[in-house]
Amino acid sequence: MNAFVFACILLGGIAGVLAQAPLHDRLERIRADLFSRPEHLDQDVRDLKEILAADPRSVEAHTLLGIAYRAIGTQDLMGESIAEFRQALDIDPSLVPVRLYLARVYLDLGRAARAKEELETALTQAPGNPQLLSLLGESERQLKNPSRAVEVLQQTLKADESSVQARYYLGLALLDLGQRDDAIRELERVVQSSPPVSDPYLTLGTLYLNTGRAAEAIQTLNQGVHIDPRGLELHIQLARAYRTKGLLDKAEAQLALAAPKDGAAPAMSAYQYQQVELDLNLERGFVKLQRGQLVAAGDAFKKVLAMDPNNEQATRGLAEVNRKKKAGGGK
Amino acid sequence: MSGPRWLVAVAFALAQAPDASVRFVDVTAKATIDFVHRSGATPDKYMIETFGSGVAWIDYDNDGFPDLYFVNGAPGSSNALYHNNHDGTFTDVTARAGVADNGGGAHAYKTGVAVGDFDNDGFLDLFVTGYGANVLYRNNGDGTFTDVTAKAGVASGPTEWSTSAGFFDYDHDGHLDLFVANYVDFRFDDNPYCGLRKDGYRMYCHPTQFDGTADRLFHNNGDGTFTDASRKAGIANTAGKGLGVTFCDFDRDGNTDIYVANDTVRNFLYHNNGDGTFTDVAYRAGVGFDPNGKPRAGMGTDCADVDGNGYPDLFVTNFSEELDALFLNHGDGIFEEVSDRAGLASSYIPLGFGTRLFDVDNDGDLDIMVTNGHVIDNVKLYQPNLTYEQKDLLYENIGGGRFKDVSSQSGPALQVDRIGRGLAVADFDNDGNLDVVITSVGQRPVLLRNTGAHSGNWIMIRAKGKKSNSFGLGATVTIETSEGRQVREINNVASYLSSNDIRLHVGLGGAKIINRIEIRWPSGTQQVLTNVAVNQILVVEEP
């Protein structure tokens, strides 16, 4: 989701910001790097700070540094990303694309109210801008106003029917309203346009799975994995899809890809990752249960319940493990 | 005793011998200080509950002995002013002095304190920071204070969370201006849930959940009022999440600069342009980030020359699993972070707050003290290797830009776990050894007396400005002895939420006399004293 929207924003917005750039060539090089060579991010950050050392009021450098920190993506750096965007806006409050980036980061952090504030300010400067409107729609959805979100997003799509981003958000909002079939239809249109980010594939694949369409789920989720091989949720949902089809070896292979590698456990235990960790253990529990490995299944369900004592699926899973143990099955 | 047994005995005795470190003794009870901090902690985990409160050394009655002012936390709780009775004990004089600061409403949390004589009447005043509740107390000179916040024009906004603050004269007009660091845009009616949704697991939120807010610079108009000059001066950066502030003339151009330690965003170094404006040179100077270019969670800070090259260096305390940062000033506008090679590795796990660079053993160089304590009270549930309460750290300067962790050799008082926040340094008994007071979240503070074992000679300078501000804040003092030359500044603004003794203390090692003291007053006046006796409190008036 994040990368998806971000890529859309980047393509549309950055050129305007850089139009009046001092140190133009150097900034252009960094800009190109930022969007095409993620392995150069650290160097880009260093270069941007050098530029800011020479010119602390360079709006362009502050903006690109915000983008770089956002791309690195750790929580601490999200704060720094916000700080850089805000410094750019302090120097020039009229920069609509920067406000768009800032809103995007706020949304990433679940701070939809702040995102909405920025977007509304930006819309007074660029009324009807479809990118701003589509993020505003998503903000409304995150603020638990799905009807208002649908309204805004449909308005956006009227103005720009090709907006993949708006359509994706519309799918999510329809889902929140309980209109699952409509949501699937919108998300299918998104995926048919082959967006270069994995979130729509994950959302649609999961929806297929929830509606008993395992084969379509496997196909869609595999498309997502192809785009983002490190997408943990994709692997977990794919494991779930394989398990549904009884393909337990494949399911376990996907879970192995989603599991934290040696030394990564502490980070995975941090609260930011709790949902991924929870989903991983829940799925592991069901795969092990299906294999008859009751001890391992029980351990996995207990881990889920340690994180979320009210988790109904884990409670049911653990009850099933205990029932089978009593019946003398499994190992 | 036969040969081998004798050798073993000598080896054992050497192993048991007292080392060269100073000893700190907890004299809080003996001093009859019974203040207890109230954090106001609730299950709602309002972020402000865990950031603690500061402490100040202030000789409010000019009797030559520093008194103590403790800031409390929770709304309705009282701050406390303790008079120093000159015999190792203190008396609570809060009620008479009128500095309890216990009003302000249900969300009026208090945080930090600054000390300075803003009206140049010769008596030190108090500025208390908080959440929407900053207060300026004018010292009436008779043991009482008057709240002049509104009249002076230094009130904060209703949701402004101010932290560390300090007085300094940035424009050389002889009147102390006021810098106030502000933290984040926190609202009690918008308090997100952070941590696992499980009983006991709710945690204080990461600062990323909140926006930064601009710091404030109040220009002293010289008539008891101030003007907010933040934007005009160029220090109103809304990206900041300021927790610590300190002042030094980093480039020795005669103008006092500002360093702000920010939490999870880069730190600011505001170069004083000498025309009432500042330029943030943190990027160029290399003091905004860690060596990998990443921002850290800056908490407390201090500046002073630790390597003897005549330029003030910078020290910043940081989050757990981040090294506290020592930046050496090369004198050319560039700083170099040397934390690891300087021997500060033991600061990696603890979460540092209050700090001070001071000569703990009077050997002629500056040592480092840090008080530690995590911000997440239930951190152990998330990271079993971390604890809320932590031990203080004392680093002895062993020369060559290197330090040695002597915490475990400096007495049992430094072996106590606490939720350390404020830390302030003063020689409260005027014995020449610098003592320390530390505040803790929701606990009693501790007054740590430096017993001065193996200490060298010293001098303490109480500056009296005439054209300059009355206590000489910002003056540069160069001291030359047979053991070398030290360049220091009169600056009580350092640490976290706290204020240190306004007198300048300088350790002299084995020097028996001070050959030369040169004072450059903030007014620009140069003053030279020669052949000054050691081990005295020297009152120096500006010519």
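Note that the coordinates shown come from a computational prediction; the quantities given were computed from them, not determined experimentally.

**Student:** Let's hear about the interface of chain A and chain B: which residues, and what values?
**Tutor:** Opposite the 30 residues of chain A that make contact, chain B presents 28 residues. Summed over both sides, the interface between chain A and chain B buries roughly 2600 Å², with carbon and sulfur atoms accounting for 49% of that surface. Taken together, chain A and chain B are joined by three salt bridges. As a salt-bridge pair, Arg114 of chain A and Asp211 of chain B come within 2.6 Å of each other at their nearest N and O atoms. Looking at which element gives the most residues to the side of chain A that touches chain B, the answer is helix α5 (residues 75-91) of chain A, with 12 residues. For the side of chain A that touches chain B, a count of residues per class yields 16 nonpolar, five polar and nine charged.

**Student:** Break down the state of the cysteines for me, with residues and values.
**Tutor:** All names here are of chain B. Inspection of every chain in the model, using the stated rule, returns two disulfides over all chains. A disulfide bridge connects Cys194 with Cys205, and the sulfur atoms are separated by 2.0 Å. Here the disulfide of Cys194 and Cys205 is right-handed, its torsion about the S-S bond being about 95°. Residue Cys194 is found in the loop between β11 (177-182) and β12 (216-220), and its partner Cys205 is found in the loop between β11 and β12; the two are separated by 11 residues along the sequence. Here the two residues Cys194 and Cys205 agree in accessibility, since each one is buried. Residue pairing for Cys248: its cysteine sulfur links by disulfide to Cys303, the two sulfurs lying 2.2 Å apart. Of note, the bridge from Cys248 to Cys303 carries an S-S torsion of about 100° and is right-handed in sense. One end of the pair, Cys248, is in strand β14 (residues 242-248); the other, Cys303, is in strand β18 (residues 301-304), and 55 residues separate them in sequence.

**Student:** I'd like a description of the pairing of strand β16 (residues 268-272) of chain B, backed by residues and values.
**Tutor:** Residue and element names in this part refer to chain B. A large share of β16 lies buried, amounting to four of its five residues. In the sheet, strand β15 (residues 257-262) pairs with β16 via three bridges, with the strands oriented antiparallel. Looking across to β16, one finds that Ile258 is bridged to Tyr270. Following β15, the chain reverses through five residues before pairing antiparallel with β16; Thr264 in that reversal takes a positive phi of roughly 70°. Relative to strand β17 (residues 278-280), β16 runs antiparallel, the two being bridged by three bridges. Residue pairing for β17: His271 is matched across the bridge by Thr279. If you look at the hairpin formed by β16 and β17, you'll find five residues sitting between the two strands, and Gly274 has a positive phi there, around 80°.

What counts, and where the lines are drawn
Counting of residues starts from 1 at the beginning of each chain's written sequence and follows it residue by residue. Key to labels: chains lettered from A, ligands numbered from 1, both in the order written. Note on the predicted model: pLDDT of at least 70 is required for a residue's local features to be given, and 80 or more for side-chain atom pairs to be given and counted; whole-chain, interface and lining totals, by contrast, use all residues. With hydrogens and water set aside, each side-chain value is computed from the structure's full complement of heavy atoms. Here, two residues are considered to be in contact whenever any of their heavy atoms come within 4.5 Å of each other. Note on terms: buried area is the combined drop in 1.4 Å-probe accessible area of two parts once they are placed together, counting the loss on both. What counts as a salt bridge is simple: a side-chain nitrogen of Lys or Arg found within 4 Å of a carboxyl oxygen of Asp or Glu. A helix here means a DSSP run of H or I that spans at least four residues, while a strand means a run of E at least two residues long, and both kinds are numbered starting from the N terminus. Residues were grouped as follows: Ala, Val, Leu, Ile, Met, Phe, Trp, Tyr, Cys and Pro as nonpolar; Asp, Glu, Lys and Arg as charged; and all remaining residues, including Gly, as polar. What counts as a disulfide here is a pair of cysteine sulfur atoms lying within 2.5 Å. Here's how the labels work: a residue is buried when its accessible area is under 20% of the maximum for its type, exposed when over 50%, partly exposed in between, all with a 1.4 Å probe on protein chains only. Only strands that DSSP links by at least two bridges are regarded as paired with each other.

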